[in-house]
Each structure stands twice: as C-alpha cells, then as structure tokens.
Amino acid sequence: ATLTNKTIALSRRTVLYVGGLEEQVTEQTVQQLFATFGPIVATEMPLDTTTGKHRGFAFVEFEEGEDAQHAVDNMNDSELYGRVLKVTLAKPDAMKRKAVWSKEASQWMGQLKESAEDVDSERRRAADDDK
C-alpha cells in the first residue's frame, strides 16, 4: 500500500481532531484559533452533503508533532462560542470509516461475481457442445 500525505501526517502525530464545533464556526476561525500553537499545514471541515454545513468537527494538521500535542493539552475541554471542544490526536482510520456491512457486502459481491462467471462458463460450454 502506498502512503498518502494524510497517512504520513497521522503517523507523525501532527493531525488533530477538533469536535464540538458550533454551527457558526468557520474553517478560518479554526485556523486562527490553532495557529497560536504553531504553523498549520492544513485544516479540513467535512461538510454534510444534504445541508452543505459543516458536521461539527474539523481536522487540523500542524507541521510539528510537538505543536499538535501542545494544542491538545491547551485546547481540549476549552470553550468556543458556548460549546466545549474535544481536541485529540486524530486516529488514522477515523478519516476513512466504512459502513459496518461493507466487508460483508464486498464478500457477497465477490461471490456473486464468481457465480456469474460460472454461469457464463457453463453457457459457453453448452454453446460449444451444440456446435
């Protein structure tokens, strides 16, 4: 498997999860708030596809792990716009969660494909026998 920049950043412990964000908080607000702890590489606020609004959390990537840890130590359980923030080091698989049934679904699809290939093979054999 190839390493992506996000995977590398997560393994270096430079990406933070920031939860509990109030609706009016913007990506710029998050960036300004966390820039006091060190240089920021990127911020990301995933949007709800239905409403177009952020989902109440963000990811902040720092250049240095020490800066990220300093931000966690100082910002976790702090308050912003009347809401208590949850600030932790991001977990690598938190950014790529899949549906609980996805493994079973992919196994089922694989079995279905194998069955379809078997049926196709049998039809070809039957067609060849008819010739």
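Further up the page is the structure itself.
### Topic: the pattern of salt bridges
Okay, so step 1: Under the definition given, this model contains 1 salt bridge.
Okay, so step 2: Measuring nitrogen to oxygen at the nearest pair gives 3.3 Å for the salt bridge that ties lysine 53 to glutamate 23. Pair noted here: lysine 53 is in the loop between strand E2 (40-44) and strand E3 (57-62) and glutamate 23 is in the loop between strand E1 (15-19) and helix H2 (27-34), with a separation of 30 residues, a long-range link.
Okay, so step 3: In this structure glutamate 23 comes out as exposed when scored by relative accessible area, which is 53%.

### Concerning the sheet that holds E2
Okay, so step 1: Reading across from one edge, E2-E3-E1-E6 is the order of the 4 strands in this open sheet, with antiparallel pairing throughout. Looking at which strands have only one partner, the edges of the open sheet turn out to be E2 and strand E6 (86-89). With direction set aside, neighbouring strand axes in the sheet form an average angle of 20°.
Okay, so step 2: As paired elements, E1 and E3 share 5 bridges and run antiparallel to each other. Paired with valine 18 across the strands is alanine 58, a residue of E3.
Okay, so step 3: With respect to the sheet, H2 is in contact with E1, E2, E3 and E6, its orientation differing from that of E2 by roughly 145°.

### Quick notes on H2
Side chains that are three or four residues apart share a direction in an α-helix, a result of its 3.6 residues per turn.
Okay, so step 1: All buried positions along H2 are accounted for by Thr29, Val30 and Phe34. One side of H2 carries all its buried residues, which in axial view fall inside an arc of 115°. Those residues of H2 that are exposed and angled more than 90 degrees off the buried face are Gln28 and Gln32.
Okay, so step 2: The inward-facing, buried residues of H2 contact E1, E2, E3, helix H3 (65-75) and E6.

### Examining unusual backbone geometry
Okay, so step 1: Positive phi, close to 70°, is recorded for aspartate 77, a residue that is not glycine.
Okay, so step 2: Structurally, aspartate 77 can be placed in the loop between H3 and strand E4 (79-80).
Okay, so step 3: With phi around 50°, tyrosine 81 is a residue other than glycine that occupies positive phi space.

What counts as what
Residues numbered from 1 in each chain as written. Predicted model: local features only at pLDDT ≥ 70, side-chain atom pairs only at ≥ 80, totals over all residues. Heavy atoms only, no water. Salt bridge = Lys/Arg side-chain N within 4 Å of Asp/Glu carboxyl O. Helix = DSSP H or I, 4+ residues; strand = E, 2+ residues; numbered from the N terminus. Buried < 20%, exposed > 50% of the residue type's maximum accessible area, 1.4 Å probe, protein only. Pairing = 2+ DSSP bridges. Axes fitted to C-alpha atoms, helices over the stretch in contact; angles between N-to-C directions. Contact = heavy atoms within 4.5 Å. Arc of directions from axis to C-beta.

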